[in-house]
Every structure is written in structure tokens, then in C-alpha cells.
Amino acid sequence: MVIATLPLLAETPTLAPAPHRDLCTDCGVSRSSWAHQCGKACQFIHPRYETLERQVHGRARDVARGDEAFFGVHRAMHRARLDRPRAGAQWTGITTRIGERLLEIGAVDAVLATASDAEDRWRPRPVIVTAPEGMAECRGMKMGYSPLLALLDECVARGYRRLAVIGVACQIHALRALEAELGLEALYVIGTPCSDNTTTERFHQFLGLLTDTPDEVTYLEFLADFRVELRFRDGSHRYIPFLQLPIRDLPRDFFPATCRSCFDYTNSLSDLTVGYMGGEGDQWLLVRTARGEALLDLIRDEVTLAAPGSRGDRTGAVKTFVALSERAAGGLPVRGAPDWARPVIGWAQRRFGPKGLEFARTRVEMKCAEGILALRHERPHRMKRMIPDFAWHLVARYGLTPRAGERLQTPQETT
Ligand SMILES: Cc1cc2nc3c(=O)[nH]c(=O)nc-3n(C[C@H](O)[C@H](O)[C@H](O)COP(=O)(O)OP(=O)(O)OC[C@H]3O[C@@H](n4cnc5c(N)ncnc54)[C@H](O)[C@@H]3O)c2cc1C
Ligand code: SF4
Ligand code: SF4
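Source: prediction; values computed, not measured.

Quick word on the overall build of the protein
Per the secondary structure count, the protein includes 14 helices and 13 strands. For the protein, the residues scored as buried account for 44% of the 415 residues in total. Considering only residue pairs separated by 6 or more positions, the protein has 67% of its internal contacts joining residues 24 or more positions apart.

In C-alpha cells:
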């Protein structure tokens, strides 16, 4: 893969091609000098959530403590928005603003983040950013895999010892697993939640089903009010209720097995998670470590914070989701609501559905259920190793419990 250079980003090297692996999101390790470490670092081959939580937070998550079962170890949660939202950002731009601040004050030599391919706004392009102005190029979500960690070799070669990394959970799992071997003086990890990623090609196909003018779309987001927002080049917006998405027109393998069997929705190994799920229209921050607090302090005087709200009851929505997913995973046809009823149900979801933290809990439980069912039907031999205990804990109330041989009886991890 040859990567073009943008003027404000440090030159990014040409990366080795990615070798084929069964479950792999091309986090970049296999293209780097640490390629032989995939077996140790990968969340699909050797997931080590508990061990890595101890490494990062000093303890593993306690499922009996507050919301830890859902969101992982955290010291504080906030609704948040930048007082001056940045153009091109996915939400208000907190993620890239923190990267900018780290570079402005000289706390890091470089930030590893994901910009867009020069030819395709939606295709991820991993970059090494060394000047604050370069962070603007990284704003906004791209759909596809970003081999971010392949750039660690270049950072080592340039003598960068103080790094920040902005990434999704499968990248951060591998980063934390390798952290001790990287010889860094400082590592700041800003994570975003992540769900339903797919290849850039598949995403273009999806856009083509949503609109007659897919090339005009500049922004897409799955909002916390059960709608997808599309923005177009001419400044117009369109909102599509989840229920009216053309999901049944998508091929069965549209969402890859990797992302359907990924359990760390909220990026629990980061110092600071920046998402939107619990934010009721604002952003949602999970401060996890002392370093995460220091990251938030960098933007304190330019961000409005509030306590996150929580309303509604997720039980019915998750129960229905689990029942439908079980049918679909078993190959049975899923009978959805008739077309005439969808707008009414969509309205009712927005009006009465779970909101704030309850919405975030809903999505986390759904993702755990989806992961367990996907593995049960597609890769049962992987279940013992891949499903963390917290996932079984969360879905037990929906009658989804381990069958013989699906869960390790002994501790899941070795270091
Ligand atoms: C595929 C995907 C799915 C997501 N799903 C959810 C979700 O379900 N719930 C939720 O709360 N949040 C989700 N997010 C995060 C969300 O889209 C925002 O990135 C986040 O809320 C930060 O917003 P911001 O305005 O601060 O980001 P910005 O300041 O606009 O910065 C966006 C950052 O995202 C990084 N990035 C962009 N695309 C990718 C990519 N493909 N891989 C790795 N990093 C990337 C860039 O490095 C950039 O720093 C998802 C992100 C991705 C990439
Ligand atoms: S560690 Fe990264 S590159 Fe290696 S198999 Fe896993 S996702 Fe793929
Ligand atoms: S859903 Fe999970 S596996 Fe897929 S890209 Fe996001 S963090 Fe990685």
C-alpha cells in the first residue's frame, strides 16, 4: 500500500502488504517488525482483557461495581462538547483537539491517527502527525481498517519516544499487549468506541443503497436517537430511522466476522474514551486513568461538561434483538415489522426508547449478544478463548448462557 503525503503530516512510509489471516482487522502489527507477535497481541487470537486491564488500570473490571460491567474501568464519565466545534469532525472534534494540544505543548513527539485516502474520503489512511495543524486532516470517521500500528516501526526509527495513539479497540488491544516492548517514555491512548465497521468497498455499497447520490455524501453517523444522519456536499441533511435502513438488502457477510465478534465496544484499554453513545446528542467521555484525566485537563477551558443522563429501560429492546439474532444466526428467516408500521415504531423508539447511559448499555449488551451468537454459529471452536467473562455476565439476563464447552472453567488468560 503506497500512502500519499499531505503537507501538514509527517511523511508516512510505504507499508508492507497485509498477510491473510482468518480473523484480522489489519491493525498493522502483521505489517510491522512485530508481525511474529500477532499471536500474543491480537484480540481475536489471544484476547487478554483482564491481564491488560490490570496492566493499564491496576485492576480488572469489577462487574458488580456501577457500570463497569458495561463500560470497563473508569474514574469519571461526562457528556461533553467543544465550545467551538471543529469543521469536518465526526462530533465536535474532541478527539483530534486533544491530539493537537499534546503536540502544541510538546508532550509528545507524534500522534498516530487516521486520515483519509487522497482519492477517497471514506478510506482510512494511517498517519504520523508531528505538527498540531496536521490533526485537522484526521477529523471525521472513515469506514474500513486502518493499519495504524504498522507506523510504530517508523516512529522507533525516527527516535520518537513519546507518542499518542488514537484508535479503535482492536488496535488498542494490540498496542497495549506490545506496549512494554516498544521502549517508549510516554504513551497516551485516546480510544473511540467502535461497532459495525466493514471494508471501505462494502461501505460504498451501503451508501449506494441509502441514496441515489452516494458520491455526494460527506458525513454519516448512527445517532443515539435511532436514526442515521447523512450530510451532503450541498449542505443538506437527511435522517433515516434505523428501522428503515436497507439491512435486508445487504449480503449476509456485509459486516465481517471480526467486527461481529468484537467484545470491547467502549475501548476499555484506553486512557480516555471519546464517543457519543451515552451523550444524548453530545459527546461522551470515559476517563479511565490518571493519564486520561491529564488529557481531559488539556481542553478543560474549551469544553462544556455535564453529568450524563440515563432514562428508559433497555430490557425489551435487547430481548427482541437477541431473539431476532438467534433466528437469523440459525439461518431462519426473520420476519420484521411490516413496511407501513416502521415509521410509527421508529417514532416510538425515539420517544420512549432508552436514552443516555441506558442507550449505551443497550448497545453494549446487543454487541455482546451478537458476538456470542456469531461465534456459536460460525466459529464455535473460538468461543472458549474469545468471549470474555463480562460478556457472558451481561447477556445472562436474556437467557443467553454458555453451553457445554463454550466457556473455560479455568482462568481464561495467560500472560
Ligand atoms: C468504524 C467506527 C465505528 C464507530 N462506532 C461508534 C459507536 O458505535 N459509538 C460511539 O460512541 N462511537 C463510535 N465511533 C466513534 C465516533 O465515530 C467518533 O469518532 C468519536 O465520537 C469521536 O468524535 P470526535 O468529533 O471527537 O472525533 P474527530 O475529532 O472527528 O476525530 C475522529 C478520530 O477518529 C479516528 N478514526 C477515524 N476513522 C477511523 C478508523 N476507520 N479507524 C480508526 N480510527 C479512525 C481518527 O484518527 C480521528 O482522530 C466509531 C468510530 C469508527 C471509526
Ligand atoms: S494483531 Fe492485528 S494484524 Fe495481527 S492478526 Fe490481529 S488484527 Fe491482524
Ligand atoms: S468493531 Fe471491533 S474489531 Fe471491528 S474495527 Fe471496530 S474495534 Fe475493530
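What about the site of ligand 1?
Taken together, the neighbourhood of ligand 1 is formed by 32 residues, with W91, T95, T96, A113 and G275 sitting nearest. Elements supplying a minimum of two residues to the shell around ligand 1: α4 (94-104), β2 (110-116), β4 (162-167) and β9 (272-275).

Observations regarding the sheet that holds strand β8 (residues 237-241)
If you trace the three strands from one edge of the open sheet to the other, you get β6-β7-β8, paired in antiparallel fashion. Edge strands, defined here as strands with exactly one partner in the open sheet, are β6 (217-222) and β8. Across the sheet, the mean angle separating the axes of adjacent strands is 15° when strand polarity is ignored. As defined by bridge partners, β6 adjoins strand β7 (residues 227-232) across five bridges and the pair is classed as antiparallel. The residue bridging Y219 from the neighbouring strand is R231, located in β7.

Focus: helix α2 (residues 49-57)
Within α2 the residues assigned to the buried category are Y49, L52, E53 and V56. One side of α2 holds all its buried residues, which, seen down the axis, span an arc of 105°.

Some points on the site of ligand 2
The environment of ligand 2 is made up of 13 residues, and the closest members are C24, C27, S30, C38 and C42. Listing elements by their share of the shell around ligand 2, those giving two or more residues are α1 (38-41) and α6 (169-178). Of the residues in the shell around ligand 2, the class split is nine nonpolar, two polar and two charged.

Considering the sheet that holds β4
As summarised here, the arrangement of the eight strands in space is β3-β2-β4-β5-β9-β10-β1-β11, forming an open sheet in which the pairing is mixed. Each edge of the open sheet carries a strand with a single partner, namely β3 (124-129) and β11 (303-306). Along the sheet, successive strands turn relative to each other by an average axial angle of 25°, direction set aside. Taken together, the five bridges between strand β1 (residues 76-82) and strand β10 (residues 283-287) define a ladder with antiparallel strand orientation. Paired with R79 across the bridge in β10 is W284.

Parameters and conventions
- Residues numbered from 1 in each chain as written.
- Chains lettered and ligands numbered in written order.
- Predicted model: local features only at pLDDT ≥ 70, side-chain atom pairs only at ≥ 80, totals over all residues.
- Helix = DSSP H or I, 4+ residues; strand = E, 2+ residues; numbered from the N terminus.
- Buried ≥ 20, exposed ≤ 12 C-beta atoms within 10 Å, placed from the backbone.
- Contact = placed C-beta atoms within 7 Å.
- Near = placed C-beta within 6 Å.
- Pairing = 2+ DSSP bridges.
- Axes fitted to C-alpha atoms, helices over the stretch in contact; angles between N-to-C directions.
- Arc of directions from axis to C-beta.
- Nonpolar A, V, L, I, M, F, W, Y, C, P; charged D, E, K, R; others polar.

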